[in-house]
Every structure is written in structure tokens, then in C-alpha cells.
Amino acid sequence: LSKNKPIIYSSYMENEYPTLEFVVDNGFGWYTPKVSKFIKLLKDIEKNPELLESASGSIKEEKIKSCSEDIARFIHKQLISNS
């Protein structure tokens, strides 16, 4: 996220699931639990580069970096907008 690049999760450890949900729910990346889904996503991105640009744009738009202060600001913003 600090490089403004989306994340592709191909698997996860149980303690990383909340991070995976955060990334996918906010359009910062994708979850491809099976090799076939991973390959399909790569082909989709190849055919439609806007998918990659859109995910990167979501990260830039929210100014998410690799630090707790930025993440806390983002979470606060989400909580306020959902109230």
C-alpha cells in the first residue's frame, strides 16, 4: 500500500484474514484463493489495465501508507461516514 500498488492475496494465514478483508472491501486488492482464480485475475488485468489503475487509484485517493497513523485516519473516516 505504501507504494500505491494493489495487493493480490493468493492465500492467507488465519491471523491475516482481517487485513485481507480490509484490502478487498476497500478496493485495494484482490483475493484469489485458487490458482485458477489467480490466473484469471492476471488475464483480466492484462485485457483491462484499468482494473489495476482503479485499485491503485483507490489507494492513492485514501493516502494509505504503511504506518499506523494513516491507517487510523482511514478507519476514523470510514466510521464517521458510516454513522
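In case you missed it, the structure is sitting above this.
All values reported here derive from a predicted model rather than from experimental measurement.

Student: Can you walk me through the overall build of the protein chain in this structure?
Tutor: Within the protein chain, the regular secondary structure consists of 4 helices and 2 strands. Mapped in sequence order, the helices and strands of the protein chain form the string β-α-β-α-α-α. Relative to its 83 residues, the protein chain shows a buried fraction of 19%. A separation of at least 24 residues holds for 44% of the contacts in the protein chain among residues at least 6 apart in sequence. Looking at the protein chain as shown, the accessible area adds up to about 6,100 Å², and 55% of this sits on carbon and sulfur atoms.

Student: I keep staring at the side chain of Thr32 and nothing clicks. Help me out?
Tutor: Along the chain, Thr32 falls in the loop between strand 2 (29-31) and helix 2 (35-47). Leave out the neighbours within four places in its chain, and Thr32 touches Ile8, Tyr9, Ser10, Lys37, Phe38 and Leu41.

Student: Please clarify how a nonpolar patch on the surface should be interpreted in this entry.
Tutor: On the surface, a cluster of nonpolar side chains totalling about 220 Å² of accessible area is made up of Tyr12, Val24 and Tyr31. Along the polypeptide, Val24 turns up in helix 1 (residues 17-25). The exposure class assigned to Val24 is partly exposed, which follows from its relative accessible area of 33%.

Student: Just checking my understanding: could you explain the pattern of salt bridges for this structure?
Tutor: One side chain can pair with another of opposite charge once the charged atoms of both are near each other. Tallied over the entire structure, the rule returns 1 salt bridge. Across the pair Lys40 and Asp44 runs a salt bridge, and its minimum N-O distance is 2.9 Å. With Lys40 and Asp44 both in helix 2 and 4 residues apart, the pair spans about one turn of that helix. Residue class for Asp44 comes out partly exposed when judged on its relative accessible area of 26%.

Student: Sorry, what's going on with the environment of Phe28 here?
Tutor: Residue position: Phe28 is located in the loop between helix 1 and strand 2. The spatial distance from the C-alpha of Phe28 to the C-alpha of Ser54 is 8.8 Å, given a sequence separation of 26 residues.

Student: Explanation requested: the environment of Leu51 in the structure shown.
Tutor: Checked against the element boundaries, Leu51 lands in helix 3 (residues 50-62). Relative accessible area serves as the criterion here: at 32%, Leu51 is assigned to the partly exposed category. Linking Leu51 and Leu41, residues 10 residues apart in sequence, is a C-alpha distance of 9.6 Å.

Definitions and cut-offs
Each chain has its residues counted from 1, following the order in which its sequence is written. Under the rules for a predicted model, residues below a pLDDT of 70 receive no local features and side-chain atom pairs below 80 are neither given nor counted, while totals for whole chains, interfaces and linings still include all residues. For side-chain calculations, the full set of non-hydrogen atoms in the structure is used, while hydrogens and water are omitted. Per the convention used, a helix needs a DSSP run of H or I reaching at least four residues, while a strand needs a run of E reaching at least two, with both numbered from the N terminus. Per-residue accessibility, obtained with a 1.4 Å probe over protein chains only, is compared with the maximum for each type, and a residue is labelled buried under 20%, exposed over 50%, and partly exposed between these values. Throughout, a contact is declared for two residues whenever any of their heavy atoms are within 4.5 Å. Only the protein chains shown count as cover for residues, and all accessible areas are computed by the Shrake-Rupley method using a 1.4 Å probe. Put simply, a patch holds well-exposed residues, over 30% relative accessible area, that have no salt bridge, with like charges counted together within 9 Å and Val, Leu, Ile, Met, Phe, Trp or Tyr side chains within 5 Å. The rule for a salt bridge is simple: a side-chain nitrogen of Lys or Arg has to be within 4 Å of a carboxyl oxygen of Asp or Glu.

Don't take any of this as a statement about function, it's just geometry.
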